[in-house]
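Below are the chains, spelled out letter by letter.
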Amino acid sequence: MPENSPNQPMVSIVVPVYKAERFLDECIRSIVGQTYSNLEIILVDDASPDQCPRICDEWAERDERVSVIHLDNGKGASGARNVGLDHCTGDYVMFVDSDDLLKTDAVRYSVKQVLVGDYDLVIFGKHYIDEYGNVSRTNVIDHDMAAIADESDYYTTLSYLLRADYLNPPWGKLFAHRLVEHVRFDAAMCYEEDLVFVLAALEAKPNVFASSKALYEYRHLESGMASVFKREKSLNVVQANHKKIQFFADYMNDKGVCENVSFHIANDIGWVIPMIKGGKEISASQKADYVMEMTGDSQLRPCMMKALNHSWMTRLQKILITLNWKWLWEIYLR
């Protein structure tokens, strides 16, 4: 294990833990095995009913940098992350989900960027891996880029990172502690609460470095909850997209900002429509209402329509959104 240096900033890594016994040991191993050693590793056991609490305790006994918080009642990933944030003492903060992995040099690389470039937030790309750790695809930008707070293209660059799916998750990032010290996840949201959190951190106008390296391994499972529809998802999509518009509001006259934000909004809505279509025990009429909460919203619709032709949605979805008649949606969503 690398030696600690008194000159190294402390990095707090928060891991919300729930029903991940199959992957948790490998996840923690990827964190404690980092080439950067000055870490505070906070495992938040979200009242997990499996062997996760035991695995967490064993790691706390094995490595003094690891601490465990056992919650009596489940708070969900957002609530667990908030508890972890409440206990962070590091100069910088990272999040890792309990079935995911960090590349060995992820922390060292990120700290080097903040120290050399005077950045407050470092973002890096990700590999999507399956349950066996095989890479299915990679999400990275073409080249490293920076968003500097006092430069004219600051919000244009941030909007591009939004479009490139670099802003959304809380993981794959190194935050200066000051950015998140008073920011918390909205535990009432079940969808896109992560993006709302990141946008709140960006309100402080930090200098941002975005890397073309994929240093995070996100385990994408077909049975994951991300693809399952809950009533709150369509409501959360509207809520989160209002936050996007609010964040970029003063810069929407910039062509790049407008195109990037509109593109993200259109595809965000397009992503949820199939979830609603596949919802169980929901009438076609209800499904149509849920879809039209998004497609008919007075703030979102103008942005969505600007990017509709360039979005990833199917031709049929684009036609339905353009017409936006409930009876047509009902036929489609049956």
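These figures come from a predicted structure and were not determined experimentally.

Asks: Pulling in residues and values, what's your account of the overall build of the chain?
Replies: From N to C terminus, the chain includes 13 helices and 10 strands. Here the C-alpha atoms of the chain give a radius of gyration of 20 Å, agreeing with the 20 Å that 2.2 N^0.38 yields for 334 residues. Counting only C-alpha atoms, the chain reaches 65 × 50 × 35 Å along its principal axes. Per-residue burial for the chain yields a buried fraction of 57% across its 334 residues.

Asks: Quick rundown of helix 11 (residues 300-307)? Include the residues and the values.
Replies: Along helix 11, the residues that are buried comprise Leu 300, Arg 301, Cys 303, Met 304 and Ala 307. One side of helix 11 carries all its buried residues, which in axial view fall inside an arc of 165°. The inward-facing, buried residues of helix 11 abut helix 8 (231-248), helix 9 (255-277), helix 10 (284-295) and helix 12 (315-323).

Asks: Describe empty space enclosed by the protein, naming the residues involved and giving the relevant values.
Replies: Inspection of every chain in the model, using the stated rule, returns 1 cavity of 30 Å³ or more. The computed volume of the largest cavity comes to approximately 40 Å³. In this structure, the largest cavity is lined by Ile 123, Phe 124, Lys 126, Asp 165, Tyr 166, Pro 169, Trp 171, Gly 172 and Lys 173. Broken down by element, the lining of the largest cavity gets its largest block of residues, 3 residues, from strand 6 (residues 121-129).

Asks: Outline the side chain of Lys 173, supporting the account with residue identities and numerical values.
Replies: With respect to the helices, strands and loops of the structure, Lys 173 is situated in strand 9 (residues 173-176). Reaching out from Lys 173, the side chain makes a polar contact with the backbone oxygen of Tyr 166 at a distance of 2.8 Å. One polar contact links the side chain of Lys 173 to the main-chain carbonyl oxygen of Leu 167, over a distance of 3.5 Å. Setting aside residues up to four positions removed in sequence, Lys 173 forms contacts with Val 93, Met 94, Leu 121, Val 122, Ile 123, Phe 124, Tyr 166, Leu 167, Asn 168 and Val 198.

Asks: Tell me about unusual backbone geometry, and name the residues and values.
Replies: Positive phi is not limited to glycine here, since Asp 118 has a value of about 60°. Within the secondary structure, Asp 118 is located in the loop between helix 4 (106-117) and strand 6. On the basis of relative accessible area, Asp 118 is assigned to the exposed category, the value being 55%. One non-glycine residue, Glu 192, adopts positive backbone phi at about 65°. Tracing the backbone through its elements, the reader meets Glu 192 in the loop between helix 6 (177-180) and helix 7 (193-202). Given the relative accessible area of 7%, Glu 192 is considered buried.

Asks: Requested: an account of the environment of Thr 35, with residues and values cited.
Replies: Within the secondary structure, Thr 35 is located in the loop between helix 1 (24-32) and strand 2 (39-45). Spatially, the C-alpha atom of Thr 35 lies 6.4 Å from that of Arg 108, the residues being 73 residues apart in sequence. Polar side-chain contacts of Thr 35 include one of 2.6 Å to the side chain of Asp 105.

Asks: I'd like a rundown of the pairing of strand 3 (residues 66-70), residues and numbers included.
Replies: The sheet contact formed by strand 2 and strand 3 spans 5 bridges and is parallel. Residue pairing across strands places Asp 45 opposite His 70, the latter belonging to strand 3. In this fold, strand 2 hands off to helix 2 (residues 52-62), which returns the chain to strand 3; that crossover is right-handed.

Asks: An account of helix 9 is requested, with residue identities and associated values reported.
Replies: Relative to the 33 Å expected for 23 residues at 1.5 Å per residue, helix 9 spans 33 Å between its end C-alpha atoms, a close match to the ideal helical length. Buried residues dominate helix 9, accounting for 17 of its 23 residues. N-cap assignment for helix 9: the residue whose side-chain oxygen lies 2.9 Å from the backbone N of Gly 256 is Asp 254.

Asks: Tell me about the nonpolar core, and name the residues and values.
Replies: Among the nonpolar cores identified, the biggest contains 114 residues, and Ile 13, Leu 102, Leu 158 and Leu 161 are the most heavily contacted of them. When residues of this core are assigned to their parent elements, the largest contribution, 11 residues, is made by helix 9. Those residues in contact with Leu 161 that sit more than four places away from it in its chain are Ile 123, Ile 141, Met 145, Tyr 166, Leu 167, Val 208 and Ala 210.

Parameters and conventions
- Residues numbered from 1 in each chain as written.
- Predicted model: local features only at pLDDT ≥ 70, side-chain atom pairs only at ≥ 80, totals over all residues.
- Heavy atoms only, no water.
- Helix = DSSP H or I, 4+ residues; strand = E, 2+ residues; numbered from the N terminus.
- Rg over C-alpha atoms; globule rule 2.2 N^0.38 Å.
- Buried < 20%, exposed > 50% of the residue type's maximum accessible area, 1.4 Å probe, protein only.
- Arc of directions from axis to C-beta.
- Contact = heavy atoms within 4.5 Å.
- 1 Å grid on protein atoms, 1.4 Å probe; cavity = no way out; pocket = protein on both sides within 12 Å on 5 of 7 lines; lining within 4 Å.
- Points joined across faces, edges and corners; volume = space filled by probe spheres on them.
- Polar contact = N/O pair within 3.5 Å; in protein donor to acceptor, adjacent residues only side chain to side chain.
- Pairing = 2+ DSSP bridges.
- Right-handed = clockwise from strand over helix to strand, strands pointing away.
- Expected span 1.5 Å × (residues − 1).
- Core = buried A, V, L, I, M, F, W, Y, C linked by side-chain atoms within 4.5 Å.

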